Amino acid sequence: MTGFMKENWIKKYRDAANLIGPSRDVLVAFNANIDMVFDLESLDLELDAAPKEHEKAESFKEIKSTLRYCVDKRENREIELGEIDHEFKGAEQSIGGQAGIMANFLSGIGNGVIFYTPFLSEELAEMMNENILYPVVEGDFTLKNVRDATNTDRTKRNLIFEYSNGETGRVIFSRKLKGFGPYFRKGVEDSFEEIDDDVDRIVLSGFHNVEGNREAKLKKSASQISKLDTPVHMEFVYRNDELSSMIAEHVIPEVNSIGLDEDEMKKLIDLLGLEVDVDENLTLGEAFHAGKQLIEKYNMQRCHLHTYRFHLTVADKDYPISKRSMRDAMLFGELCAIKTADTGEIPEAGQLKKFDMKNKHIPELKEMNHFQQFFDLHNFVEEGTAELEDYKVAAIPPIIHEEPKRLVGMGDIISAGAFVGELNQLP
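Let me sum up the structure you'll find in this document.

Thresholds, definitions, all that
Residues numbered from 1 in each chain as written. Predicted model: local features only at pLDDT ≥ 70, side-chain atom pairs only at ≥ 80, totals over all residues. Heavy atoms only, no water. Helix = DSSP H or I, 4+ residues; strand = E, 2+ residues; numbered from the N terminus. Buried < 20%, exposed > 50% of the residue type's maximum accessible area, 1.4 Å probe, protein only. Contact = heavy atoms within 4.5 Å. Areas by Shrake-Rupley, 256 points an atom, 1.4 Å probe, with all protein chains shown as cover. Pairing = 2+ DSSP bridges. Phe/Tyr/Trp six-rings, centres within 6.5 Å; stacked < 30°, edge-to-face > 60°. Lys NZ or Arg CZ within 6 Å of the ring centre and 35° of its normal. Axes fitted to C-alpha atoms, helices over the stretch in contact; angles between N-to-C directions. Parallel < 35°, antiparallel > 145°, perpendicular 65-115°, else oblique. Left-handed = near helix turned anticlockwise from the far one by under 90°. Patch = residues over 30% accessible without salt bridge, like charges linked within 9 Å, V, L, I, M, F, W, Y side chains within 5 Å. Salt bridge = Lys/Arg side-chain N within 4 Å of Asp/Glu carboxyl O. Lys, Arg positive; Asp, Glu negative; His and termini not counted. Charge placed at Lys NZ, Arg CZ, Asp CG, Glu CD. Nonpolar A, V, L, I, M, F, W, Y, C, P; charged D, E, K, R; others polar.

### Focus on the overall build of the protein chain
Summing up its helical and strand segments, the protein chain has 14 helices and 19 strands in all. Classification of the 427 residues of the protein chain by burial places 61% in the buried group. Summarising the internal contacts of the protein chain: among those between residues at least 6 apart in sequence, 74% fall at separations of at least 24. With an accessible surface of roughly 18100 Å², the protein chain has 42% of that area assigned to carbon and sulfur atoms.

This is the structure we're talking about:
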């Protein structure tokens, strides 16, 4: 039965490759940088003390200790990086930052993308897809090609180490960009009505990178988001309890949708005191209850979680997307991320139909089975959709790539692909 069910889901994935189009217009902001990606196996992680996670790595020794800790705990983390006197060689460079990755991805599969980041250097702009637009105010509001809209010579660079330890993962050491604030300049804010008319969805990220007077900047961002009528999705990243509490207090209440991975969901459960008991790994049932509580607490419409065992979208009963469309959009987002792992590059539209299961597998469907049995559902393991307690639920088993060429940005591609992909089945 399990083999049959897995083949059923593989067929659904193949069908999801056809979900591209028609083109949608999307505004994406705020964080973008250049990623310097290293293979962890090239780094000697021998330590003279027990590994420890450092909230801020200020020496090469602290980088190694944090890496060893995260690998042992199988955690994906983003850690602040201080000024370190160490030369890192052999990196592959690519576009980074959640917004940078999502903008290139959504543009590459055929969507119209307006991209905004406060500090746009020529070096960064050259890594953006050439058809991406950038909002500029020069007397009047206008949209320029991103490569003609640079406004600084400063470029943020992150160090990223990928590892495989039963599960694949990555640790990001993120440098500060002095003055960064996840909000739009006033001239762009004054043109929100025009932007609302022009875009179908808005995807925001980078709130964890805020610098300076963090709370004032987050309040400003929240005030701006409240003025937007277009559905807004935020990609959540945990940095520390203090900052994440500010984001939860000011920003999350203003968005329609939130996306996060398992580690970040567990952090939020603890931080917010949600009524969910988690031993080690989140079960599908626990994830449903956590998503439901986030929607209720912040009056959101949608919560999207991706883990190595299942992906789940929980939405309010009045969310104007069918549960089947929610499911198929998750399949599409995961398919795009797996293509990234397959080739090492952010995929473009023409690559998605060339899908095969070489070096890939679908894990056991235990979580979906348990969920079906606990809630006495019919065909949930086969279809992945249900209506429960006034909520729409869609879940899928992920595809696990056994020899990934790239891990960075997969979660961002999954989230952006699912949120925008929900529209691909509408007229």
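Back to the write-up after that little detour.
### Thoughts on the pairing of strand S15 (residues 311–316)
For S15, the tally of buried residues reaches five of six residues, placing the bulk of the element in the interior. Here five bridges tie strand S14 (residues 302–306) to S15, and the two strands are oriented antiparallel to one another. When the bridges of S15 are listed, Cys303 appears paired with Val314. Joining the antiparallel neighbours S14 and S15 is a turn of four residues.

### With respect to the packing of aromatic side chains
Overall, the coordinates contain 12 aromatic pairs when judged by the stated rule. Each ring, one from Phe30 and one from Phe207, has its centre 6.0 Å from the other, and the planes form 75°; the classification is edge-to-face. Highlighted residues: Phe30 in strand S1 (residues 25–30) and Phe207 in the loop between strand S11 (201–205) and helix H7 (214–225), separated in sequence by 177 residues. Look at Phe30 and you get buried, because its relative accessible area is 0%. Residues Phe184 and Phe192 carry aromatic rings whose centres are separated by 5.5 Å and whose planes lie at 90° to one another, so their mutual orientation is edge-to-face. Members of the aromatic cluster, connected to one another through ring pairs, are Phe30, Tyr116, Tyr134, Phe184, Phe192 and Phe207. Over the ring of Trp9 we find Lys12, and its NZ or CZ is 5.2 Å from the ring centre.

### Some remarks on the side chain of Ser415
Relative to the elements of secondary structure, Ser415 occurs in helix H14 (residues 410–421). Residue Ser415 is classed as buried on the basis of its relative accessible area, which comes to 0%. Sequence-distant contacts of Ser415, that is, excluding residues within four places in its chain, are made with His233, Glu235, Gly259, His304 and His306.

### What about the packing of helix H9 (residues 262–272) against helix H10 (residues 284–298)?
Direction vectors running N to C along H9 and H10 enclose 55°, while the axes themselves pass 11 Å from each other. In terms of orientation, H9 and H10 fall into the oblique class. The interaxial crossing formed by H9 with H10 has left-handed handedness. Where H9 abuts H10, its residues Met265, Leu268, Ile269 and Leu272 lie against Ala290, Gly291, Leu294, Lys297 and Tyr298.

### Comments concerning a negative patch on the surface
Side chains of Asp25, Glu193, Glu194, Asp197, Asp198, Asp200 and Asp229 sit close together on the surface and give a patch of like negative charge. Here the negative patch gets four residues from one element, more than from any other, and that element is helix H6 (residues 192–198). Mapping Glu193 onto the fold places it in helix H6. Residue class for Glu193 comes out exposed when judged on its relative accessible area of 64%.

### What to know about the pattern of salt bridges
A side chain with one charge may pair with a side chain of the opposite charge, provided their charged atoms come close. For the structure shown, the criterion picks out 25 salt bridges. A salt bridge links Arg77 to Glu53; its shortest N-O distance comes to 2.0 Å. Of the two residues, Arg77 is situated in strand S4 (residues 77–81) and Glu53 in the loop between strand S2 (33–39) and strand S3 (56–57); the sequence distance between them amounts to 24 residues. With relative accessibility at 8%, the residue Arg77 sits in the buried group. Glu422 is the partner of Arg302 in a salt bridge, and the nearest nitrogen-oxygen pair spans 2.9 Å. Placement of Arg302 in strand S14 and of Glu422 in the segment after H14 is noted, with a sequence separation of 120 residues between them. Assessed through its relative accessible area of 0%, Arg302 is described here as buried. Glu422 sits in the buried class, given a relative accessible area of 0%.

### Observations concerning the packing of H7 against helix H8 (residues 241–250)
Following both chains from N to C, one finds H7 and H8 inclined at 25°, their axes separated by 9 Å at the closest point. The angle between the axes of H7 and H8 places the two elements in the roughly parallel class. Our pair here, H7 against H8, has a crossing hand that is right-handed. Of the residues in H8, those touching H7 at Arg214, Glu215, Leu218, Lys219 and Ala222 are Glu242, Leu243, Met246, Ile247, Glu249 and His250. Counted by class, the contact of H7 with H8 contains five nonpolar, one polar and five charged residues.

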